[in-house]
Amino acid sequence: MRRKNSPLRLFLHVLALALALMALPRLAMAQPVTTENATAELIAEGPAVPGRTLSVALKLVAKPGWHTYWINPGDTGLATTIAWSLPAGVSAGPIGWPRPEAIPVGPFMNYGFEGETWLLTDVSVPEGFTGPVLEVRARADWLICAEICVPEGADLALAVPVAAAFAADPLHTLGFEQAREKLALPLAEPVVATRAGETLEILLPESMKVTTARFFPYDGDSVIAAAPQSFEGNRLSAVLEKDFKGTRLSGVLVVEGGGWTRSYVVDSALAGPVAAPAAATTSVPAPDAPDIGILLALAFAFIGGLILNLMPCVLPVLSIKMLSMAGKGPGPVVRHHGIAYTFGVLACFALLAGVLLGLRAGGELIGWGFQLQSPVVVALLAYLFFALGLWMLDVVTFGNRLMGAGEGLVRRGGLAGSFGTGLLAAVVATPCTAPFMGAALGFALTRPSYEAFAVFMALGLGLSSPFLLVSFVPGLARLLPKPGGWMVRLKKLLAFPLFASTVWLLWVLAVQAGPMGVAAGGAGLLLIALAAFFIHEFGGIGGRLVGTAAVIGAIFLAVMPGQGSTGTGLAEQAGAESYSPARLAELRARGQPVFVNLTAAWCITCLVNEQVALERPAVKDALAKTGTVYMVGDWTNRDGTITRLLAENGRSGVPLYLVYRPGAERPVVLPQLLTEGLVVEALTGP
């Protein structure tokens with residue numbers, strides 16, 4: 001028997017087609033140069049904006065079996081060099097070197113790169129720069145080796161459009177994020193480097209739970225590159241050059257553990273032998289660093305999930321399911337519903353954990369809420385909230401064929417309905433970050449996969465625990481009110497938080513994709529309502545065809561914001577400076593206090609904090625009186641520099657609030673829930 005294609009099935013097919021269309025490459029602005037053994041090209045992260053820096057990458061792709069070299073090439077070789085030719089007033093910083101690989105060549109050990117390598121450089125564009133295009137030219141020279149070594153080079157050029165606001169080029173976003181993920185991070189706790197004759201020992205902090213480690217020195221005359229390095233416990237041993245007389249050790253420490261690889265900058269005084277435990281505690285970890293321990297992380301995740309039930313997106317869904325239990329006495333049927341609901345929540349969080357951990361293991365620099373950094377996902381979530389609101393008002397009934405994932409999951413009476421409601425509750429909870437979640441998720445994403453998975457499951461148990469508790473405790477079940485007409489009115493009333501969430505998601509689209517994003521999203525909502533109306537009122541093949549066409553149109557409109565221009569960023573809306581690592585380093589070098597707010601338009605906790613604390617007159621006065629520079633890191637769209645700053649402070653998602661005081665090595669990390677007085681005290685305190 002032939003199976004009918006439902007509109008929901010067509011909805012999914014069209015969505016897959018739309019996402020595939022988004023992945024089609026665009027025409028490059030600069031052609032790569034191919035030499036005998038490599039291909040080189042310049043790539044800009046986005047348009048040039050007067051008054052800010054622009055990341056430009058030299059992308060080198062070596063032939064299989066060939067390699068180029070790091071800043072310290074090891075026993076043999078030469079580092080890649082870039083000589084820039086830029087317009088007057090435009091300047092280029094040093095190369096941001098990715099972590100190197102140890103490449104054995106006969107009896108020698110080289111430090112370099114095989115395959116594809118991105119060398120990042122920050123290009124500073126002055127405020128007064130004029131013209132439609134920034135002409136970037138560079139001479140790149142590299143030594144490339146296999147069994148033989150060949151010096152190669154290329155003259156490269158790139159025409160970068162000049163714009164008033166920055167918008168990352170989606171074609172190269174992943175490349176820049178992966179390149180930044182390979183840059184060396186500062187260590188939260190310093191290592192202890194000691195020497196005993198020609199033996200170098202590097203003692204890693206106890207909080208770094210790693211399985212392997214290797215040290216790559218910046219100085220080619222310090223560590224014997226070809227000598228083996230051993231790692232046991234938290235102690236790394238290497239062999240120093242006989243004539244090395246230096247008193248400091250500087251380089252990059254590359255560590256692996258739990259399927260991930262990271263690199264850290266080492267710049268430490270070189271001392272005589274010391275006992276292993278003594279110096280590892282010479283500094284205090286940063287607040288909320290990911291060394292809180294698995295038990296505390298599980299507790300924090302559970303509490304954070306419990307608080308998620310109070311969020312305006314989740315509360316209506318939970319309330320409707322609670323009301324469906326009203327009037328039903330305690331017993332195995334109710335308990336089975338509670339278990340099914342819990343399994344639905346856990347299934348969604350398991351899927352989310354698998355995707356998130358898998359992408360991070362593959363090199364992508366992402367964190368909690370990564371899916372909401374896509375305007376397509378935001379638009380589709382707005383459609384879901386809008387459709388649920390229409391059903392809760394009894395305006396339309398979508399039935400089983402169209403958008404049944406919203407209505408059917410909530411209204412369906414069997415165990416499958418409870419399971420589906422759990423799925424739906426977890427989906428609508430993803431825009432939210434509750435207190436305690438930040439430290440727990442930050443810990444999870446630095447631990448082995450089984451520990452990280454356990455933290456996500458604890459988060460899901462926290463979210464599902466209220467309904468599960470009511471289903472298992474007879475006394476609580478009896479407290480639920482008796483069924484009546486009030487339930488219909490309450491259900492209709494709970495539609496309005498969902499409509500409010502829809503409006504909020506349209507505002508998120510405005511930040512992500514500008515006015516065109518809002519227009520496309522609003523038109524998509526109109527088509528969703530039109531589809532529901534035709535299928536409900538007319539039915540039959542004609543109504544289903546019109547409804548299907550409307551859904552297809554809505555999906556294409558959801559894809560449109562992802563192809564449009566970006567909107568006004570949160571930094572500009574707040575009257576603050578946009579966060580950049582270079583600007584932060586410049587301000588700190590001048591002894592300027594800095595308050596950094598890492599936020600996103602889709603983060604409800606962030607928006608609440610801004611209204612109750614950051615936008616208050618007392619906080620603005622404290623910023624002015626102390627001369628504190630206010631910087632906003634807008635994570636609404638994917639931004640690898642912000643993800644790195646989150647990781648440096650033990651977090652995987654926003655909000656994060658940092659106060660950098662003059663002379664302090666590390667920032668003060670404020671709680672996830674702010675008050676006006678707390679922020680003022682942090683800004684004016686010693």
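Residues numbered from 1 in each chain as written. Predicted model: local features only at pLDDT ≥ 70, side-chain atom pairs only at ≥ 80, totals over all residues. Heavy atoms only, no water.

## A closer look at the state of the cysteines
- Enumeration according to the criterion identifies 1 disulfide in this entry.
- Between Cys 145 and Cys 149 runs a disulfide, and the two sulfur atoms are separated by 2.1 Å. With the S-S bond torsion at 115 degrees, the cross-link from Cys 145 to Cys 149 turns out right-handed.
- Residue class for Cys 149 comes out partly exposed when judged on its relative accessible area of 47%. (Disulfide = S-S within 2.5 Å. Buried < 20%, exposed > 50% of the residue type's maximum accessible area, 1.4 Å probe, protein only.)

## Focus on the packing of helix 7 (residues 375-392) against helix 14 (residues 495-537)
- Running from N to C, helix 7 and helix 14 cross one another at 155 degrees; their axes reach a closest spacing of 6 Å. In terms of axis orientation, helix 7 runs roughly antiparallel to helix 14. Handedness of the crossing formed by helix 7 with helix 14: left-handed. (Axes fitted to C-alpha atoms, helices over the stretch in contact; angles between N-to-C directions. Helix = DSSP H or I, 4+ residues; strand = E, 2+ residues; numbered from the N terminus. Parallel < 35°, antiparallel > 145°, perpendicular 65-115°, else oblique. Left-handed = near helix turned anticlockwise from the far one by under 90°.)

## Comments concerning the nonpolar core
- If you look at the biggest cluster of nonpolar residues, it comprises 93 residues, and the most contacted ones within it are Phe 595, Val 596 and Val 654.
- It is helix 7 that contributes the most residues to this core, 14 residues altogether.
- Those residues in contact with Phe 595 that sit more than four places away from it in its chain are Leu 614, Leu 623, Thr 628, Val 629, Tyr 630, Met 631, Tyr 657, Leu 658, Val 659, Leu 670 and Leu 683. (Core = buried A, V, L, I, M, F, W, Y, C linked by side-chain atoms within 4.5 Å. Contact = heavy atoms within 4.5 Å.)

## Remarks on the packing of aromatic side chains
- For the structure on display, the rule yields 11 aromatic pairs.
- Judged by centre distance (6.4 Å) and plane angle (70 degrees), the rings of Trp 70 and Tyr 111 are edge-to-face. With a gap of 41 residues between them, Trp 70 in strand 4 (residues 67-74) and Tyr 111 in strand 8 (residues 108-114) connect regions that are remote in the sequence.
- For Trp 70, a relative accessible area of 1% translates into the label buried.
- Ring geometry for Tyr 111 and Phe 216: centres 4.9 Å apart, planes at 75 degrees, overall edge-to-face. With Tyr 111 in strand 8 and Phe 216 in strand 14 (residues 212-217), the pair connects residues that are 105 residues apart, well separated along the chain.
- For Tyr 111, a relative accessible area of 1% puts it in the buried group.
- Taken together, Trp 70, Tyr 111, Phe 216 and Tyr 218 form an aromatic cluster joined through their ring pairs.
- Of note, Arg 214 hangs over the ring of Phe 216, and the distance from its end group to the ring centre comes to 5.7 Å.
- Between the NZ or CZ atom of Arg 262 and the centre of the ring of Trp 260, over which it lies, the distance is 4.4 Å. (Phe/Tyr/Trp six-rings, centres within 6.5 Å; stacked < 30°, edge-to-face > 60°. Lys NZ or Arg CZ within 6 Å of the ring centre and 35° of its normal.)

## A word on the sheet that holds strand 16 (residues 235-239)
- Taken together, the 7 strands give an open sheet; going across it, the order is 14-17-18-12-13-16-15, and neighbouring strands pair in mixed fashion. Edge positions in the sheet fall to strand 14 and strand 15 (230-232), since each of these pairs with one other strand and no more. In this sheet, neighbouring strand axes are inclined to one another by 30 degrees on average, regardless of whether the strands run parallel or antiparallel.
- Where strand 17 (residues 248-257) lies against strand 18 (residues 260-271), 10 bridges are found, and the strand directions are antiparallel. (Pairing = 2+ DSSP bridges.)

## Structural notes on the pattern of salt bridges
- Counted under the stated rule, the structure contains 12 salt bridges.
- Residue Glu 45 pairs with Arg 180 through a salt bridge whose shortest N-O separation is 2.6 Å. Of this pair, Glu 45 sits in the loop between strand 2 (38-44) and strand 3 (53-62) while Arg 180 is found in helix 2 (residues 173-181), placing the two residues 135 residues apart along the sequence. The two residues Glu 45 and Arg 180 agree in class, both being buried.
- Among the ionic pairs, Glu 586 bridges to Arg 590, the shortest N-O distance being 3.2 Å.
- Within this structure, Glu 577, Arg 583, Glu 586 and Arg 590 form a network of salt bridges that share partners. (Salt bridge = Lys/Arg side-chain N within 4 Å of Asp/Glu carboxyl O.)

## Considerations on the environment of Phe 231
- Within the element layout of this structure, Phe 231 appears in strand 15.
- Separated by 18 residues in the primary sequence, Phe 231 and Ala 213 place their C-alpha atoms 6.3 Å from one another.
- Discounting residues that sit within four places of it in the chain, Phe 231 has contacts with Leu 204, Val 210, Thr 211, Thr 212, Ala 213 and Leu 236.

## Overview of the sheet that holds strand 3
- Sheet architecture is open: 5 strands sit in the order 1-2-3-9-6, paired in antiparallel fashion. Pairing within the sheet leaves two strands with one partner each, and these edge strands are strand 1 (33-34) and strand 6 (91-96).
- Note that strand 2 and strand 3 share 7 bridges and pair antiparallel. Residue pairing across strands places Ala 44 opposite Val 56, the latter belonging to strand 3.
- Here helix 2 sits on the sheet and contacts strand 2, strand 3 and strand 9 (116-124); the angle it forms with strand 9, its principal contact strand, is near 95 degrees.

## Re the packing of helix 19 (residues 617-626) against helix 21 (residues 676-684)
- The geometry of helix 19 relative to helix 21 is characterised by a closest axis approach of 9 Å and an angle of 5 degrees between their N-to-C directions. By the criterion of interaxial angle, the relationship of helix 19 to helix 21 is roughly parallel. Listed contacts from helix 21 to Ala 618, Val 619, Ala 622, Leu 623 and Thr 626 of helix 19 are Glu 676, Val 679, Val 680, Leu 683 and Thr 684.
- Of the residues that constitute the contact of helix 19 with helix 21, the class distribution is 7 nonpolar, 2 polar and 1 charged. (Nonpolar A, V, L, I, M, F, W, Y, C, P; charged D, E, K, R; others polar.)

## A look at a nonpolar patch on the surface
- A cluster of nonpolar residues, Ile 339, Phe 343, Phe 419, Leu 469, Phe 472 and Val 473, forms a patch on the protein surface that exposes about 510 Å² of accessible area.
- Where the nonpolar patch is concerned, the elements lending two or more residues are helix 6 (332-361) and helix 11 (449-472).
- Tracing the sequence through the fold places Phe 419 in helix 9 (residues 415-429).
- Overall, the relative accessible area of 33% leaves Phe 419 in the partly exposed class. (Patch = residues over 30% accessible without salt bridge, like charges linked within 9 Å, V, L, I, M, F, W, Y side chains within 5 Å. Areas by Shrake-Rupley, 256 points an atom, 1.4 Å probe, with all protein chains shown as cover.)

## Considerations on the pairing of strand 17
- The buried count for strand 17 comes to 7 of 10 residues, which makes it a mostly enclosed element.
- As paired elements, strand 14 and strand 17 share 6 bridges and run antiparallel to each other. What sits directly across from Phe 215, in strand 17, is Leu 253.
- Counting the residues in the hairpin turn of strand 17 and strand 18 gives 2 residues, including Gly 258, whose phi is positive at 60 degrees.

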